[in-house]
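Summary of the model geometry
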Amino acid sequence: MSTATPPPALTRLSPEDAAWRDHVREFALREIAPLSDAMDRDAALDPGLRAKLFEAGLMAVEAPARYGGRGGSLFQVVLTIEEVARVDPGVAVGVDVHNALIVATLLRIGTGDQKRKYLPLLTSRHVGAFSLSEEHAGSDAFNVSTTATAKDGGYVLNGRKRWTSNAAQADLFLVFARVEEHGVSAFLVERTAEGLSIDPRTEQMGVRAASTADVILDDVVVRRQQCLGGLGGGEGVAIAALDIGRIGIAAQMVGLAQGALDLALGYSREREQFGQRIGSYQGVQFTLAEIATEVAAARALLYDVTRTVEAGATVSERLRLSAMAKYFASQVAQKAASGAVEVLGGNGYTREYPAERFFRDAKAGTIYEGTSNILLRGIAGSLHKGGS
């Protein structure tokens, strides 16, 4: 019989991780929850919340202390997104894009000069946005028509980027454009650049606290030093970013599912029909039990994928595992949100309770940063190539 000590459970947190999770949870309940209804109604982030997110460290989770960050881990980024989404998935989108797509990409791919210039701003007051998608470059992400033309030792960018999350608040954009004879390249473009403008926000069904809008580039001049990952390296930059980004979306969906479960469970303990609480009826109990089981499974997969990536997964492993985590979590989130609406009945169908907001927000998880069909295609392709 083996006497070796088994590894800890995937969902058992270290004291440091547990303390950070509790900090984010308390912040979300105190500072975000009271604003969620108004932000959803107004389709805008509360003006005072941005500064509070920075002050609480939620926008500088993984950046090292020398750049003004917390020096935390990718796992703590996941915990942050999950706990914010448990209260407001729309706010979690902004936190996710900033941490998982912009800060994480700069940390992993940026040059020393790029890190020294941008990370202190991104950890203190500047918000980042990711501009890859275009009208005809959605699922076919690298079919970009935005151009970067060489001129005077730099480049001139022209094009329109669509569905850019954080666009209204962003100070720094990671823009993907095609350079002649080199291919798709990534550029760090500042909000103050002449010729950069933001269209009015795109009206959307859910995650309405997130500012999604088109970014217009009209003869925007960038220096060669603003190219991230080298000329022609844009596809590699985007894939590396989206691998982490999909883990962030999975965290959003796990948090949303947990928030919906919390709501439904709390309601079932209070609501009475036919002289007893509805939580005593088997139909409600089984609905909650199924949701709780699937949320636990989605969280376990999310945490396992995150720890595997932190341990140094290969590119193919990251692609497959991040796709699995996002796909499964988005399915669970939809089921949890729908179940919450049903448990609340008529109340769940009104804006008096957040169940209908969770229901609308959940759909985004199956669409952005890779639709469910695109993810399944990638997972299947990986399996046929010998993945496991």
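Residues numbered from 1 in each chain as written. Predicted model: local features only at pLDDT ≥ 70, side-chain atom pairs only at ≥ 80, totals over all residues. Heavy atoms only, no water.

You'll find the protein chain entered in an unreviewed UniProt entry as short-chain 2-methylacyl-CoA dehydrogenase, with Streptoalloteichus tenebrarius given as the organism. Looking at the protein chain in UniProt, the text filed under Subunit (unreviewed entry) is "Homotetramer." (UniProt positions renumbered as here; feature names shortened; annotations may be inferred.)

The next thing to look at is the overall build of the protein chain. The helix and strand inventory of the protein chain stands at eleven helices and ten strands. A compact globule built from 388 residues would reach a C-alpha radius of gyration of about 21 Å, and the protein chain, at 21 Å, matches this within 12%. The buried share of the protein chain, taken over its 388 residues, is 53%. Of the accessible surface of the protein chain, which amounts to about 17,000 Å², a share of 53% is contributed by carbon and sulfur atoms. (Helix = DSSP H or I, 4+ residues; strand = E, 2+ residues; numbered from the N terminus. Rg over C-alpha atoms; globule rule 2.2 N^0.38 Å. Buried < 20%, exposed > 50% of the residue type's maximum accessible area, 1.4 Å probe, protein only. Areas by Shrake-Rupley, 256 points an atom, 1.4 Å probe, with all protein chains shown as cover.)

Our next topic: the UniProt feature "domain: Acyl-CoA dehydrogenase/oxidase C-terminal" (unreviewed entry) in the protein chain. Cross-referencing UniProt, the feature "domain: Acyl-CoA dehydrogenase/oxidase C-terminal" (unreviewed entry) maps to residues 233-382 in the present numbering. In residues 233-382, helix accounts for 78% and strand for 3%; the two terminal C-alpha atoms are 22 Å from one another.

Another point: the pattern of salt bridges. By the definition in use, this model includes 25 salt bridges. The closest approach of N and O atoms between Arg30 and Glu26, which form a salt bridge, is 2.3 Å. With Arg30 and Glu26 both in helix 1 (residues 15-32) and four residues apart, this pair spans about one turn of that helix. For Arg30, a relative accessible area of 42% corresponds to the partly exposed category. On the accessibility criterion, Glu26 (40% relative accessible area) is partly exposed. Where Glu62 meets Arg108, a salt bridge forms, and the shortest distance between an N and an O atom there is 2.7 Å. Of the two residues, Glu62 is situated in the loop between helix 3 (49-55) and helix 4 (74-87) and Arg108 in helix 5 (residues 89-109); the sequence distance between them amounts to 46 residues. Relative accessible area serves as the criterion here: at 12%, Glu62 is assigned to the buried category. Through salt bridges with shared partners, a single network forms among Glu135, Arg160, Arg162, Asp199 and Asp214. (Salt bridge = Lys/Arg side-chain N within 4 Å of Asp/Glu carboxyl O.)

Scanning all chains against the criterion turns up four aromatic pairs. Seen in terms of ring centroids, Phe75 and Tyr303 are 4.9 Å apart; in terms of plane orientation they differ by 70°. Their pairing is edge-to-face. Separated by 228 residues along the polypeptide, Phe75 in helix 4 and Tyr303 in helix 8 (residues 282-310) bring together distant segments of the chain. Its relative accessible area of 1% is what places Phe75 among the buried residues. (Phe/Tyr/Trp six-rings, centres within 6.5 Å; stacked < 30°, edge-to-face > 60°.)

Once that is clear, we can look at the environment of Ala63. Tracing the chain through its elements places Ala63 in the loop between helix 3 and helix 4. Sequence separation between Ala63 and Leu122 is 59 residues, and the spatial gap between their C-alpha atoms is 9.2 Å.

Of all hydrophobic cores here, the largest spans 102 residues; its most connected members are Ile32, Leu53, Val91, Phe130, Leu174 and Phe176. Broken down by element, this core gets its largest block of residues, 18 residues, from helix 7 (residues 234-270). Every residue in contact with Ile32, bar those within four places of it in the chain, is listed here: Phe27, Met39, Leu49, Leu53, Val84, Val87, Asp88 and Val91. With 20 residues, the next largest nonpolar core counts Leu157, Phe187, Val222 and Cys227 among its residues. (Core = buried A, V, L, I, M, F, W, Y, C linked by side-chain atoms within 4.5 Å. Contact = heavy atoms within 4.5 Å.)

According to UniProt, the "domain: Acyl-CoA oxidase/dehydrogenase middle" (unreviewed entry) feature falls on residues 129-220. Summarising residues 129-220: 0% helix, 52% strand, and an end-to-end C-alpha distance of 17 Å.

Next up on the list: the pairing of strand 3 (residues 154-165). Examined bridge by bridge, strand 2 (residues 147-151) and strand 3 share five bridges and lie antiparallel to one another. Bridge pairing links Thr149 to Val156 in strand 3. Hairpin connection, strand 2 to strand 3: the antiparallel pair is bridged by two residues, and Asp152 has positive phi, about 50°. Bridge count for strand 3 against strand 7 (residues 212-223) is ten bridges, and the pairing is antiparallel. Each residue of the ladder has a partner; that of Gly159, found in strand 7, is Leu217. (Pairing = 2+ DSSP bridges.)

The topology assignment puts Asn99 in helix 5. In this structure the side chain of Asn99 is engaged in a polar contact, spanning 2.9 Å, whose partner is the backbone oxygen of Leu58. Leaving out residues up to four positions away in the same chain, Asn99 has contacts with Leu58, Met59, Ala60, Val61, Val77 and Ala104. (Polar contact = N/O pair within 3.5 Å; in protein donor to acceptor, adjacent residues only side chain to side chain.)

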